[in-house]
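Residues per chain, in single letters:
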Amino acid sequence: MPLDPAMPQAAAPSDLEFLGTTTAKGALLSTKQARFPAPKGLDVRALAGDLMTQLDRFSADAKQDPFANPVMLLALDISRRVGAGELSPGALEQLIQYLSAEGFLARAARLSNYLGEASPEANASRMEELLDVAAAGSGGEPLTFEAFQKLVEKEVFGIVITAHPTFNLSGAQMTTMACLATGRDQNGKRLSAEARESLIRQMATAEHAPEDMSLTREHELSLDAIANIQSAIRTLYRAVLRVGRKHYPERWTELTPRLLTVASWVGYDLDGRSDIRWSDTLHKRLIVQQRQLRYYLSNLRDIRAGAPSLEDLRHTLALIESRLALALNQVTDEIAAFGGSEAQDLDHLRRIAKRMHEGLPLRLVDASEAIEFVNRGIRLSAAIDGDKALATVEQLAVLRAELATFGLGMAHTHVRLNSTQVHNAIRKAVGLDTAADDPRYRQSYLATLTDLLDKVEPVSINFGSVVAERTSAKRLFMVVAQMLKYSDARTPIRFLIAESESAFTVLSALYFAKLFGVEERVDISPLFETEKALETGSRIIEQLLENPHYRAYVQKRGRLCIQTGYSDAGRYLGQTPASASIERLRLRVMRLFTRHTLENVQLVIFDTHGESIGRGGHPAGLHNRLAYVSPPATLAFAAKHNIELKQEVSFQGGDGYTYFVTPASALAVVTRILEYMIGTAKPDLDHDVFYAKGDYIREFFTTVKAFQVGLVEDPNYGELLAAFGTNLLFPSGSRAIKRQHDAAPDPAARVMAGQFRAIPHNAVLLQMGLPANALSGVGEAIDRDPEQFRSLYATSARFRELMGIVVYGAAVSCPDALKAYVDTLDPGHWLTRAARSENPLEADDMRRIAAVLEETPTQARLVRIFRKLYRDYGVLRQNLERAGAAPKPNPDLDRHLSLLHAVRLSLIHQVYRLAVHIPEFSSQHSITNQRLVTRMLHLDVPWALDQLARIFPARTDVTLDEGFGEVATYVSDESQDYSQENQNIFRPMASLYELIRRTSNALTQRIGFFG
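Note that the structure is predicted; figures quoted are calculated from it, not measured.

Q: Would you mind going over the side chain of Asp271 with me for this structure?
A: Along the polypeptide, Asp271 turns up in the loop between β2 (259-264) and α10 (278-306). When its relative accessible area of 14% is taken as the criterion, Asp271 is described as buried. Beyond its immediate sequence surroundings of up to four residues, Asp271 is in contact with Arg416, Leu417, Asn418, Ala498 and Arg735.

As structure tokens, then:
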């Protein structure tokens, strides 16, 4: 029976069997890796089976007792075993490692299904097949050369690599997962059974935790992914040229294919970040150029080595080599100059800047210079007969395509900041005293700005200007100007502006682009992601098109760029309404093209959807992922109205890079993209009943949106997110996922959902057992008209696509776990356990936990939001089942998720018991014992341990009693040795917390994404 692509999958039986054999040979984690010693003779697979069996018993009991919670009962059973000495922390640690390894294999199986065909040979052949069909034309009429050239030389799709914090695996583990998923090693060679077993063994015995992620490391990983994407695009270029040679043998050497592009904003995204200096951005851009120049140089040497022995040809290739080698040396020197703290030294900067300026006339900043040489090489090679010459022509034609598409960098550059930063930069010039879209002054602001655009004259800048500038927006435009001046003068740069909600924002950016002389190479792109922006986005674009400066700008650039976001939209509207809103926006903007007769202007839509269902990452497969963000009907609409459309999609952070960490996986992704964009029929709006049911669709998604808006505005929902919050998670990127505290916050303080960033928000929901932003409100919407829902679900492919997010979310939900987490913060839970405990010391600990929890209002708030979510979840499952849309039963997934939640709850309970043994201390360091223990109960363990290290140092070596002429026997209290507290409380607490986060990572692998 084929796998259901939309559901989480189990690992291959052979992989699980080998993993079981590995665990039978002893502990997975070595003594050096483990936090706790592993028991001798531990059979961790048998332990997992035993606990699963116990879970099944508790689940069976729950069918008779509706108040029984199998997850909590199993957590209590584990705690009982630990207390009785039947189960040690070391055994739990090995169990977590085993379950994490199983989850890893299951995720690899899901990735395999997601990618589809992984054979490099098959995918290269598939590309040629798709292009061959396209060249053959429809209706028996083959395409003319000009039509085929137009098809392959336009950009139809862009992959954008971003640095979103989803790095939950190390780089090595990401590569292992891709190798297991594709069945190929890093060189594309098929894995033998021995090689596969070796990878599984390495994975199973390695620590399952992310690396310490810095921006530098993120950048390194992004460049590795981009290199593999480039390799896949080269395969595409070869396919175009070979199909061109077959159909147009006299003219195929004229083809310079594009079709796909790759871009990156890693190191250039300043939205919400103050830790990236302008010199860091420039430094990262120079590294991107260095790696590409190295590739060009190496590739040219290979071509020259295999080229025919024609003196003019070899001389031409040698000229290109020498030009690239000189450019590479220049860039390498500048990377060293801008890479350290010295870049902030003005004298140092002056020396670099002067050298760069003086060398500019000889600097390679325009790829067209190299392209001219390559064209000459193609002509010389094409004049020679023989296979060797033919191979050289093809290699040079591919190189020409790369130079034309990528320019002098590995990827196109996307910079990003926030609309507020743009407004702050223009504020004085236009007298901006209120919000830019304030209806009282909106027109006068726009008029003033238009007047500025009438009169603006370009200014010249240098690196000193960048240093002196204090506004983020102007400084970033200056950095862009310097990139274009010194790195690549022809390849355009995208200027993304987050939270754009007015035409004023875009026109302000256009003013700065003109001021700094970069408007001919910069594509300004507003990001529509908030509820307001998605509703008004098309009106904003229309206002812009009515402005003569903006209209002239897009006509000259030949493209109009917008960005749509699923992050804020998914949080505040819910994921499915967000997607429906974005689709409506796409269609409205396309209609503007016909209304305003925009000819020879490409529409570029960049969708920053992510890897998880909470951010629009469709779980079923790459085809579904692409159809979710770029629906077939909207592509058909664009084609029907002769709108040239380029779709761009982001692949975010570690979860996104995993698709590209090997050449085989990257080629699979690029092949699936080509299949979708040019190889799939695109039925128009009339072919799907979804678009004819406008009234029902609006009511359906408005109901979901209303629920979600109410949820986000509910302070109890914020309390749920903050109860354990990001303390459950490893840091997943270079930007911290939680706020830093100088002192413990007031436990009674309200936390709102809006204070959480989108990815941590999603991740916390998944870890708590219920992805509310993907599910909540849908049950209520279905309940309004169940018959209509069933009919639409059965007949509309688009509606099923949207609901696929919901169905997957329901499959990975565990409401019993959510209830168990809520109960863990209930004083009554601990008092009940204390009353039934036969161990007086244990009972005393539990009463002390209850006393601390009694002082906070958290649990009362959580109970209220749990009831709201649980009611809606029950309605959703019931209606999905009635409509035949419910996720198929997956006992393996359900049991593993429940077991992991139970293990983590047991670990949390152990931390609680240690927390109430923290010795009393006088209020110091702005913290009291009560508040510190309270934070411990919310798992703010790293922060609490930092405080305890100061309050109770393990050793104090202060000795000031010598040399004063008299003997002192007095020992100060400050010189006490707190080694016992550190040994028995603080260190075990740190180790248990590490296991809690490893368990969270294991849950991530089972679910299939981070957040």
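Q: Whenever I open this one, the packing of aromatic side chains confuses me. Can you help?
A: Centre distance and the angle of the planes are the two values used to describe a pair of aromatic rings. Per the stated rule, a full pass over the model turns up 35 aromatic pairs. Note on Trp830 and Tyr912: the rings are 5.7 Å apart at their centroids and 40 degrees apart in plane angle, and the pair reads as tilted. Here Trp830, found in helix α36 (residues 827-836), pairs with Tyr912, found in helix α39 (residues 891-915); they are 82 residues apart in sequence, far enough to count as distant. Judged by relative accessible area, Trp830 falls into the buried class, the value being 0%. Judged by its relative accessible area of 0%, Tyr912 falls in the buried class. Through a chain of ring-to-ring contacts, three or more aromatic side chains come together here, namely Phe690, Tyr691, Tyr696, Phe700, Phe701, Phe789, Tyr793 and Phe799.

Q: Quick question: what am I supposed to make of the confidence of the model for the protein here?
A: Predicted coordinates in regions of low pLDDT should not be interpreted in detail. Across the protein, the average pLDDT comes to 93, with 96% of residues at or above 70. Note on residues 739-745: pLDDT is under 50 here. Beyond four places in sequence and across chains, it has 13 contacts.

Q: I keep staring at unusual backbone geometry and nothing clicks. Help me out?
A: As a rule of thumb, non-glycine residues mostly have phi less than zero, and peptide bonds are mostly trans rather than cis. Even without glycine at this site, Glu499 takes up a positive phi of about 55 degrees. Relative to the helices and strands, Glu499 is located in the loop between β4 (493-498) and α19 (503-515).

Q: When you look at the sheet that holds strand β8 (residues 645-652) in this model, what are you seeing that I'm missing?
A: Within a sheet, adjacent strands bond to each other through the backbone by hydrogen bonds, running parallel or antiparallel. Spatially, β1-β2-β3-β4-β5-β6-β7-β8 is the arrangement adopted by the eight strands of the closed barrel, whose pairing is parallel. Pairs of neighbouring strands in the sheet enclose a mean axial angle of 25 degrees, with direction left out of account. Note: strand β3 (residues 412-418) against β4, six bridges, orientation parallel. Across the sheet, the residue bridging to His414 is Arg494, located in β4. The strands that helix α27 (residues 663-678) touches are β1 (155-162), β2 and β8; relative to β1, the one it contacts most, it runs at about 145 degrees.

Q: Would you mind showing me how to read the packing of helix α41 (residues 941-951) against helix α42 (residues 979-1007) here?
A: Between two packed helices, the angle of one axis relative to the other and the distance separating the axes together describe the packing. The N-to-C vectors of α41 and α42 enclose an angle of 160 degrees; their axes lie 10 Å apart at closest approach. The orientation of α41 with respect to α42, classified from their angle, is roughly antiparallel. Two packed elements cross with a definite hand, and for α41 against α42 that hand is left-handed. Here Val941, Pro942, Leu945 and Leu948 of α41 come into contact with α42, specifically with Phe986, Met989, Ala990 and Tyr993. When grouped by side-chain class, the residues that make up the contact of α41 with α42 number eight nonpolar, no polar and no charged.

Q: Help me understand the environment of Pro39 in this model?
A: With respect to the secondary-structure elements, Pro39 resides in the loop between α1 (13-23) and α2 (44-64). By relative accessible area, Pro39 is classed as partly exposed at 32%. For Pro39 and Ser88, which are 49 residues apart along the polypeptide, the C-alpha to C-alpha distance reads 7.5 Å. In contact with Pro39, not counting residues within four places along its chain, are Ser88, Gly90 and Ala91.

Q: Please clarify how the pattern of salt bridges should be interpreted in this entry.
A: Side-chain pairs of opposite charge can arise whenever the charged atoms involved come near each other. Scanning all chains against the criterion turns up 62 salt bridges. A salt bridge links Glu254 to Arg251; the nearest nitrogen and oxygen atoms lie 3.0 Å apart. The class for Glu254 is partly exposed, based on a relative accessible area of 36%. On the basis of relative accessible area, Arg251 is assigned to the partly exposed category, the value being 31%. Measuring nitrogen to oxygen at the nearest pair gives 2.8 Å for the salt bridge that ties Arg494 to Glu648.

Q: For this particular structure, what's the right way to read the nonpolar core?
A: Side chains of nonpolar character tend, in soluble globular proteins, to be buried together. By size, the foremost hydrophobic cluster in this structure holds 337 residues, and its most contacted members are Leu560 and Phe700. When residues of this core are assigned to their parent elements, the largest contribution, 14 residues, is made by helix α9 (residues 215-247). Phe700 has contacts with Val778, Ala781, Ile782, Phe789, Phe799 and Met803, leaving out every residue within four places of it along the chain. Among the nonpolar cores identified, the runner-up in size contains five residues, and Val160, Ala263, Trp265 and Leu496 belong to it.

Q: Honestly, the environment of Ala27 in this entry has me stumped. Any pointers?
A: Along the chain, Ala27 falls in the loop between α1 and α2. Of the residues examined, Ala27 reaches a relative accessible area of 47% and is grouped as partly exposed. The spacing of Ala27 and Ala225 is 198 residues in sequence and 34 Å in space, taken between C-alpha atoms. Contact partners of Ala27, with chain neighbours within four places excluded, come to Ala38 and Gln94.

Q: Please explain the pairing of β2 as it appears in this structure.
A: Most of β2 is tucked away, with six of its six residues classed as buried. The pairing of β1 with β2 spans six bridges and is classified as parallel. Residue pairing for β2: Gly158 is matched across the bridge by Thr261. Relative to β3, β2 runs parallel, the two being bridged by two bridges. When the bridges of β3 are listed, Ala263 appears paired with His412.

Q: Explain the environment of Leu286 to me, please; I cannot follow it from the model alone.
A: Along the chain, Leu286 falls in helix α10. In this structure the C-alpha to C-alpha distance between Leu286 and Val331, which are 45 residues apart in sequence, comes to 6.4 Å. Not counting residues within four places of it along the chain, the set of residues in contact with Leu286 comprises Val331, Glu334, Ile335, Phe338 and Ser487.

Q: I tried to follow helix α15 (residues 419-430) on my own but got confused; where do I start?
A: Three or four residues apart is the spacing at which side chains of an α-helix point the same way, because the helix has 3.6 residues per turn. An ideal rise of 1.5 Å per residue puts 16 Å on twelve residues; α15 measures up with 15 Å between its terminal C-alpha atoms. Regarding α15, the residues found buried are Ser419, Gln421, Val422, His423, Ala425, Ile426 and Val430. Contacts from the buried residues of α15 go to β3, α16 (442-455), α18 (472-486), β4 and α19. Phi for Gly431, located one or two positions after α15, is positive at around 65 degrees.

Q: Help me understand helix α21 (residues 548-557), please; the structure alone is not making it clear to me.
A: Turning to α21, its buried residues number three or more, namely His549, Tyr550, Tyr553, Val554 and Arg557. Each buried residue of α21 lies within a common arc of 125 degrees when the element is viewed along its axis, so the set occupies one face. In α21, those exposed residues whose orientation departs by more than 90 degrees from the buried face are Pro548 and Lys556. In the core, the buried residues of α21 are packed alongside α16, α19, β5 (522-528), α20 (531-545) and β6 (559-565). The N-cap of α21, judged by a side-chain oxygen 2.9 Å from the amide nitrogen of His549 a few residues on, is Asn547. Directly beyond the C-terminal end of α21, a positive phi value near 80 degrees is found at Gly558.

Q: Looking at this structure, how should I read the side chain of His414?
A: Mapping His414 onto the fold places it in strand β3. Setting aside its immediate chain neighbours within four residues, His414 contacts Val160, Ala263, Ser264, Trp265, Tyr268, Arg494, Leu496, Phe606 and Glu648.

The rules we used
Residues numbered from 1 in each chain as written. Predicted model: local features only at pLDDT ≥ 70, side-chain atom pairs only at ≥ 80, totals over all residues. Heavy atoms only, no water. Helix = DSSP H or I, 4+ residues; strand = E, 2+ residues; numbered from the N terminus. Buried < 20%, exposed > 50% of the residue type's maximum accessible area, 1.4 Å probe, protein only. Contact = heavy atoms within 4.5 Å. Phe/Tyr/Trp six-rings, centres within 6.5 Å; stacked < 30°, edge-to-face > 60°. pLDDT = per-residue confidence, 0-100. Pairing = 2+ DSSP bridges. Axes fitted to C-alpha atoms, helices over the stretch in contact; angles between N-to-C directions. Parallel < 35°, antiparallel > 145°, perpendicular 65-115°, else oblique. Left-handed = near helix turned anticlockwise from the far one by under 90°. Nonpolar A, V, L, I, M, F, W, Y, C, P; charged D, E, K, R; others polar. Salt bridge = Lys/Arg side-chain N within 4 Å of Asp/Glu carboxyl O. Core = buried A, V, L, I, M, F, W, Y, C linked by side-chain atoms within 4.5 Å. Expected span 1.5 Å × (residues − 1). Arc of directions from axis to C-beta. Polar contact = N/O pair within 3.5 Å; in protein donor to acceptor, adjacent residues only side chain to side chain.

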